[in-house]
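Summary of the model geometry
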Amino acid sequence: MPIQGQVQSKSPFAASRRAERAARRRRHAARHHAHITLDERAIREFASSAPVRRGGAVHCRLVAHPRGCIDGRRPVLKDVFRVSSGPLPVNDRSNPVPEPVLPVHVLTGFLGSGKTTLLVRLLADPGMGETAVLINELGEVGIDHLLVRRLEDDVVLLESGCLCCTVRNELVETLADLAARRAAGDLPAFRRIVVETTGLADPAPIVHTLMTDARLTPHLRLAGLTATIDATLGEGTLATHAEAVKQAAMADRLVTTKTDLADATTRASLAARLAALNPGARRFEASLAAAPSPAELFEGETFSIGAGTDVATWLAAEAAHGDPSHDHHHDDRHHDDHDHDDRVRGEHDHAGHHLHHHDPQRHGDRVATFCLTADTPLDWDVLTRWLELLLTARGEQILRLKGIVNVRGRDKPVVVHGVQHVLYPPQELLAWPDAARASMLVFITRDLSRSAIERSFARVLAAGAV
Ligand SMILES: Nc1nc2c(ncn2[C@@H]2O[C@H](COP(=O)(O)OP(=O)(O)OP(=O)(O)O)[C@@H](O)[C@H]2O)c(=O)[nH]1
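Please read these numbers as outputs of a predicted model, since none were measured by experiment.

**Topic: the site of the ligand**
Around the ligand, the structure places 21 residues, and the nearest of them are K115, T117, D260, R400 and K402. A distance of 2.9 Å is found between an oxygen atom of the ligand and a backbone nitrogen or oxygen belonging to G114. Contact between the ligand and R400: an oxygen atom at 2.6 Å from a side-chain N or O atom of the residue. Burial of the ligand by the protein amounts to 94% of the accessible area it has alone, namely 650 Å². Tallied by class, residues from the shell around the ligand come to 6 nonpolar, 8 polar and 7 charged. Residues from two domains meet in the shell around the ligand; each of domain 2 (102–313) and domain 3 (367–464) gives at least three.

**Description of the packing of aromatic side chains**
In total, this model carries 3 aromatic pairs according to the counting rule given. Between F370 and F443 the ring centres are 5.5 Å apart and the planes differ by 20 degrees, which places this aromatic pair in the stacked class. Of this pair, F370 sits in strand β8 (residues 367–374) while F443 is found in strand β13 (residues 439–446), placing the two residues 73 residues apart along the sequence. What makes F370 buried here is its relative accessible area of 4%. Of the residues examined, F443 reaches a relative accessible area of 0% and is grouped as buried. Between W386 and F443 the ring centres are 6.5 Å apart and the planes differ by 75 degrees, which places this aromatic pair in the edge-to-face class. Of the two residues, W386 sits in helix α17 (residues 380–394) while F443 sits in strand β13, which places them 57 residues apart along the sequence.

**What to know about the pairing of strand β10 (residues 414–419)**
Where burial is concerned, most of β10 is hidden: 6 out of the 6 residues are buried. Residues of β10 alternate between two faces, with V414, V416 and G418 on one and V415, H417 and V419 on the opposite face, all of them buried. Pairing analysis gives 5 bridges linking strand β9 (residues 398–405) to β10, with the strands arranged antiparallel. Its bridge partner lying in β10, I404 is registered against V415. Sheet topology note: the β10/strand β12 (residues 427–428) ladder contains 2 bridges and is antiparallel. Bridge pairing in β12 links V414 to E428.

**What to know about the packing of helix α11 (residues 242–250) against helix α12 (residues 264–277)**
Here α11 crosses α12 at 70 degrees, and the two axes come no closer than 9 Å. Comparing their axes, α12 and α11 come out roughly perpendicular. For the element pair α11 and α12, the recorded crossing hand is right-handed. Across the interface between the two elements, V245, A248 and A249 from α11 touch R273, L274 and L277 from α12. Per-class residue counts for the contact of α11 with α12 are 5 nonpolar, no polar and 1 charged.

Conventions used here
- Residues numbered from 1 in each chain as written.
- Predicted model: local features only at pLDDT ≥ 70, side-chain atom pairs only at ≥ 80, totals over all residues.
- Heavy atoms only, no water.
- Near = heavy atom within 4 Å.
- Polar contact = N/O pair within 3.5 Å; in protein donor to acceptor, adjacent residues only side chain to side chain.
- Areas by Shrake-Rupley, 256 points an atom, 1.4 Å probe, with all protein chains shown as cover.
- Nonpolar A, V, L, I, M, F, W, Y, C, P; charged D, E, K, R; others polar.
- Domains from an automatic or database assignment.
- Phe/Tyr/Trp six-rings, centres within 6.5 Å; stacked < 30°, edge-to-face > 60°.
- Helix = DSSP H or I, 4+ residues; strand = E, 2+ residues; numbered from the N terminus.
- Buried < 20%, exposed > 50% of the residue type's maximum accessible area, 1.4 Å probe, protein only.
- Pairing = 2+ DSSP bridges.
- Axes fitted to C-alpha atoms, helices over the stretch in contact; angles between N-to-C directions.
- Parallel < 35°, antiparallel > 145°, perpendicular 65-115°, else oblique.
- Left-handed = near helix turned anticlockwise from the far one by under 90°.
- Contact = heavy atoms within 4.5 Å.

Keep in mind these values describe shape, not function.
Structural data, given as structure tokens:
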């Protein structure tokens, strides 16, 4: 854009010409401003679609005249450029330059579908530079952020609880705080934020909040919603869990993960299901060997809401009730939304109780999360045999298992993952997150109590003590 050339030019003649042109434009702009009519919405729409990084001055000027609509028309880039193209004094405190509106990308997907794995892979790509990452995990103990090692300082682990309900207000506050600290120069000038939701998150309240919360919209815009779908378990999960359907239906990008583990028939069948569910979404595949690039997932346009009737209904329901500062009220209604689906009825049915308020670890009557711990090293063979048996026998009820384990005879911590009946290969971390070196196994179960698992875990503990 020409404005960048002007600002970067080093010639003194160019500088004086620039000053003259700037003065002319300021006079011209002043005349234009006399014609400005009120249309905040048009400006907002424009601001969120403008190439704010490359044309910072364009955006600055828009914010300086937030209600402007030039000559009664919606502004186009040319108009705004003409009005704003003086060499604006960047970082001049007497004329502060508003920060550009930061894109926020939401990464969602059912429990264990590969969100963190995808994120870790993306973060290793230089195209993911200057990205602040927020991770929201369900469970007493956060494990995911330990896996996102590279950008540890930029990773914020949201308090336990789910973004779509108990910590929605915390999300707003964290995002607003990130934007404010970035604007004040207390944080590096990251250029985007990626939020990983929990696997049980309902995306509707999150989308609604990001698009409408007055604490966020001046600083942030929802730029995209990516949902991961497990190639091996995806169809079954979509048939059983309303959250998974909503995640896939609302996303503007779908990433089918674990394609290395699924045969061609399974992949084709899932692809057909996703095409029917969300025909407008861009589709990608990920495996251990390949994944979409940061540019494919996190660059570009503003999030566009899917055209499906259900999506519009879900968001309309949020608009009617959504106020994240009143999570409680919202939750009751929000979870009622799920009741249309008999298969999941009850998971989110509060049955008249205020579950989220009293117990942030629970996502409904049937879903529970808990953590089993061990202070002494565990025997690896005994532990893995136990986990395999447990997942084989109870895989339908164990939606997710993840943990960090102190293995007897090993110095470094080992991370274990289970998704329904599948136990994944362990991963070794470079170091322990703290001196306690305790093993922690986080379970997210449906219709399976802590005590049932705890009893058999006692045998693993006993074997570890030998
Ligand atoms: N073979 C294979 N395994 C994968 C792939 N993606 C993820 N996994 C494994 O699946 C397990 C779960 O992956 P995560 O990335 O932790 O899933 P998640 O969606 O972040 O899980 P939650 O945050 O608990 O919902 C891990 O053991 C991963 O190594 C893939 O493309 N191929």
